[in-house]
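Breakdown of the fold
These are the residues of each chain, in order.
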Amino acid sequence: MTETATEPTIPAVDRVIIRFAGDSGDGMQLTGDRFTSASAMHGNDLATFPDYPAEIRAPAGTLAGVSAFQVQISDHDIMTPGDAPDVLVAMNPAALKSDLDRLASGGTVIINRDTFEERNLAKAGYDYNPLEKGDDLKGFRVISVPMTSLTKEACKELGVKPRDADRSKNFFALGLVSWMYSRPVKPTMDWIDAKFGGRDLVVAANKAAFGAGHIYGETAELGDQRVIVKAAPLESGTYTNVNGNTALAWGLIAGGQLSGLPIFLGSYPITPATDILHELAKHKAFGVTTFQAEDEIAAIGSALGASYGGHLGVTSTSGPGVALKGETLGLAVSLELPLIVINIQRGGPSTGLPTKTEAADLLMAMYGRHGESPMPILAPRTSVDCFDVAIEACRIALEHRTPVMVLSDGYLANGTEPWRLPDVDSLPPIKVTYTTEFNHKNADGEDEYWPYLRDENLVRSMAIPGTPDLMHRIGGIEKEDGSGNISYDPTNHAKMVEIRAERIQRIKVPDLEVVGDPDADVLILGWGSTWGAITSALGRLRKDGHRIAHAHLTHLNPFPANLGEVLQNRTHVIIPEMNLGQLATLIRAEFLVDAKSVSKVSGQPFTAGELETKIVEMTTGEAQQ
Amino acid sequence: MTAIMDNEVVPETKRADWQSDQEVRWCPGCGDYSILTALQLLMPDLGVRRENTVFVSGIGCAARLPYYMNTYGMHSIHGRAPAIATGLAMARPDLDVWVIGGDGDMLSIGGNHLIHALRRNINVNILLLNNQIYGLTKGQFSPTSEAGKVTKSSPAGLIAEPFNPVSLALGAEASFVARTHDLDRKHMQEMFRRAYEHDGASLVEVYQNCNVFNDGAFSTITKKDVRDDMLIDLRHGERIQFGSEGQYGVVRRDGGVEIANVADVGLEALLVHDETRQDPSTAFALSRLAAGPTTPTPIGVFRAAHRVEYGSAMASQVAEVAAESGKGDIASLLRSQPTWEV
Ligand code: SF4
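Here we summarise the structure given alongside this text. (Residues numbered from 1 in each chain as written. Chains lettered and ligands numbered in written order. Predicted model: local features only at pLDDT ≥ 70, side-chain atom pairs only at ≥ 80, totals over all residues. Heavy atoms only, no water.)

Concerning the nonpolar core
Counted only if it meets this: Within this scheme, the nonpolar core is defined by two criteria: the residues are buried Ala, Val, Leu, Ile, Met, Phe, Trp, Tyr or Cys, and they are joined through side-chain atoms within 4.5 Å. Only protein chains enter the accessibility calculation, which uses a 1.4 Å probe; a residue whose area is less than 20% of its type maximum is buried, one above 50% is exposed, and one in between is partly exposed. By the criteria applied, helices consist of DSSP H or I runs no shorter than four residues and strands consist of E runs no shorter than two, each listed in order from the N terminus. The contact criterion used is simple: two residues touch if any of their non-hydrogen atoms lie within 4.5 Å.
Core analysis: the biggest nonpolar cluster contains 121 residues, and A:Leu525, A:Leu583 and A:Ile587 have the highest contact counts within it. Ranked by residues supplied to this core, first place goes to helix 2 (residues 81-91) of chain B with eight residues. In contact with A:Leu525, not counting residues within four places along its chain, are A:Leu512, A:Ala551, A:Leu553, A:Leu563, A:Leu567, A:Ile574, A:Ile575, A:Pro576, A:Leu583 and A:Ile587. In this structure, A:Val242, A:Ile396, A:Tyr411 and B:Leu334 belong to the second largest nonpolar core, which totals 53 residues.

This is the structure we're talking about:
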């Protein structure tokens, strides 16, 4: 095994999409992750898409148990993990059966031949062996390798038991694919040392398996398969590879630092949001307190209690959790306290598809509470963007004393991309002001404290417990504007309802930027994680001569002030969404624009290809001039 | 309880300093009045600052109490007060956080939060005002209503058995559990003070008369003329003995406890109350002496045992990590996973 990444004779390709698929127990996520890291170190641009089942251990060998990891690596700027994989690694028949459809025509399948025996074939629903019969594999290049036996063979002399050696076969696959794509070897060796350090046999077995895979490529006349994907001309700087949940957690920590407030996270475990709890729990050094509550309601309740005490309360969850938090959100709206709710959306309703992505909670975020109960809504567009959006959420929550909903999704949560690390010193501080002195005089001219006295942005005064003299009571019952005393007065209630609506509308959000051909007749309006697929699709369409404008919303409430203008004078406004048209509903209602939606609700993100086709279909004749 | 962290002398206060300017709006004759008075009279004696005191409540008649205290306060939503108070107490260990709620609020819709607050032993003082009925919604049975009770929502008689709040709290690992009643201000104040002084979660069940929807629910045991024979006053380190002549006592029997005539068993046989016992079994057995507030019923502190307080334990974890790894720095946080230079 030698460092081969720089051999000059290997032909170069500009990008490749690889999908590692196997049984949940085969370690495909880890394999994909390692390949990704090696590629990141090599300087490629990349995007990943872990696609795994909800069950921790679905029955081995079945279709339900297939776990896959897709990664696109390239020598140029890319936005998505790619549409159709060029290479499918299928560790068992179920993986082949479930993922072969996705493979690009003429693509390569790398198969672990050892698993294609009767029992596994039957479990996958094959009544024949596709390696021998049928035309499932017609039109693909098939590299059929006895990975299990070669791994066992390689481990034999190390004294590793065959059963244990079997567990290293994913490293064989990784070694082979690493050879094919000329990935640097050393980072993976170092990683094996670090990860399995202390378990010498495991280290040796994994390295041996990796080496065997690498050698297999060299010796099995796969030479013509070997390519290199050169480093992408990325802007210079320090990079790391980050997924959305980690970036979001770090953004919250940064928000705490920028505001000088301790972060309090109240959370209840729920897929795909739990990693935020895990990540924040690690960072006590930043004054972060994490509290695993008894349920979703206690999670938000404790966060609200912490906010009331002057900390920055955060709660992280997914759609079902937001449903449970609804009543407390109403309270937070009424109390006008800062609070951040992170919703990592997943397929719904109900338990739905816990590990699959969807973005169908927009209307719930907008309207899913009793009474008129508006709150700001933000949606990150990429994994990296989760960092900035989390900081923006902190800013709005604290400066405007309001709960804020962040709508990420399963796709961003787990997908990774390289991140050119920002200069953290340049992040603007977040202003938090608590009232410490009387702010009103009663009829007798005596000093008093009015918690609902407002500034020019309608933000109320807030004195936190512990502040001498300003003792006061707040609650969910309607209160008189200004004094905050309980009030059942009809006019006051009407006024308060309007103030609560108006104060959210007064939040300043940046104007919506229009990219592509800003004046084109066709506007694609997106929000959230569809950004990558839309951007890629439009890149291709524009290359083909289509003139299309693209605008992407981060702020969904309030909308950017120029949104109405951006929508005007378009022949087509097309809104791709991973729901049945929720943003389209809002846009049509608010702007009376004939927006059309492109929906996808299969638990899978949009591919650029399908958007491309859809957009052409919807605009043909009018868009193509 | 409490954790006052400043060394300055706390200015003296009077009852009036603890009364807010809000008009008290319970039904005339409601037991809540005497509970409020007991609290407002006790606060000056505790030597605490009003600004460091917070009352958090949910929904129900009892939950109106924070409005009447001239402290910080939050009247939140049904059942959630223990959860909100938990976050506040964790974030602000310098505050004295009190939670007020009724039996519906705390044992029905908020039961989960109550048991977990007790289990964690978070530093809050929980006053459970038990009137065995839903008052604010005008008279439905509650989780402490007796079986057979006829209410608007159980016209043919309530089928289910009630919770015994003291048993429930002990089962939830509560480190401090006490019971008192609204006709005895001194006893209430003593229990509230003990709750305040306890480090960790404390639960005080207060038998509270709802004279509109469940009048006299406790009068069989709490009225002045029957008290001596019907209330068993638990005193740490003392024999459990009651009755106008001290003629009754509590003895161990068959793994539990029961009431006996002192004349029959002798003074020496009486159980000596130890509220600090780590094993809650005896406290639990005492809580089972009366099936409901109609037969001789123990009041006082059932259990006041030492357990690690959640908030301070969490705070020291945070401090330890900070001491070990130094103050966090965002630039290095972003570099905590593998990085590369371009
Ligand atoms: S309904 Fe009952 S508990 Fe409520 S205020 Fe009236 S008397 Fe008191």
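Quick word on the packing of aromatic side chains
Put simply, the test is: For this analysis, a ring pair means two rings from Phe, Tyr or Trp (six-membered ring only for Trp) whose centres lie within 6.5 Å, classed as stacked if their planes differ by under 30 degrees, edge-to-face if by over 60, and tilted for the remaining angles. Charges are assigned to positions over rings by a cutoff of 6 Å between ring centre and Lys NZ or Arg CZ, combined with an angular limit of 35 degrees from the ring normal.
Summed over the entire model, instances satisfying the criterion amount to 19 aromatic pairs over all chains. Measuring from centroid to centroid gives 6.0 Å for A:Phe291 and B:Tyr310, while their planes differ by 80°, and the two rings are edge-to-face. In this pair, A:Phe291 sits in strand 11 (residues 289-292) while B:Tyr310 sits in helix 11 (residues 310-325), so the two residues belong to two different chains. For A:Phe291, a relative accessible area of 1% gives the class buried. On the basis of relative accessibility, which here comes to 23%, the residue B:Tyr310 falls in the partly exposed class. Look at B:Tyr207 and B:Phe218: their rings are 4.4 Å apart centre to centre, the planes differ by 15°, and that puts the pair in the stacked class. Of this pair, B:Tyr207 sits in strand 6 (residues 202-207) while B:Phe218 sits in the loop between strand 6 and helix 7 (219-222), placing them 11 residues apart in sequence. Judged on exposure class, the residue B:Tyr207 and its partner B:Phe218 are both buried. Through successive ring pairs, a cluster of aromatic residues spans A:Phe20, A:Phe35 and A:Tyr181. Note that A:Lys97 overlies the ring of A:Tyr126, its terminal NZ or CZ placed 4.7 Å from the centroid.

Thoughts on the site of the ligand
We count it as follows: In this text, near means that some heavy atom of the residue lies within 4 Å of the molecule or strand in question. Ten residue types, Ala, Val, Leu, Ile, Met, Phe, Trp, Tyr, Cys and Pro, are classed as nonpolar, four, Asp, Glu, Lys and Arg, as charged, and the remainder, Gly among them, as polar.
Taken together, B:Trp26, B:Cys27, B:Cys30, B:Cys61, B:Asn131, B:Gly135, B:Gln208, B:Cys210, B:Asn211, B:Val212 and B:Phe213 are the residues near the ligand. When grouped by side-chain class, the residues that make up the shell around the ligand number seven nonpolar, four polar and no charged.

Regarding the layout of surface pockets
All names here are of chain A. Worth spelling out the cut-off: Here a cavity means grid points, on a 1 Å grid over the protein atoms only, where a 1.4 Å probe fits yet cannot get out; a pocket means an open set of points with protein on both sides within 12 Å along at least five of seven lines; lining residues are those with an atom within 4 Å of a point. Grid points are joined across faces, edges and corners, and a volume is the space filled by probe spheres set on the points. Note: domain ranges come from an automatic or database domain assignment.
Its volume calculated, the largest pocket comes out at about 1500 Å³. Taken together, 44 residues line the largest pocket, and the ones lying closest to its centre are Gln29, Asp33, Asn243, Asp275 and Asn414. Mapped onto the lining of the largest pocket, the elements with two or more residues apiece are helix 1 (28-42), strand 4 (66-74), helix 7 (186-196), strand 9 (238-243), helix 9 (244-259) and helix 10 (274-281). The element best represented in the lining of the largest pocket is helix 1, accounting for eight residues. By residue class, the composition of the lining of the largest pocket is 17 nonpolar, 19 polar and eight charged. When residues of the lining of the largest pocket are assigned to domains, at least three fall in each of domain 1 (12-229) and domain 2 (240-426).

Shape is all these values report; function is a separate question.
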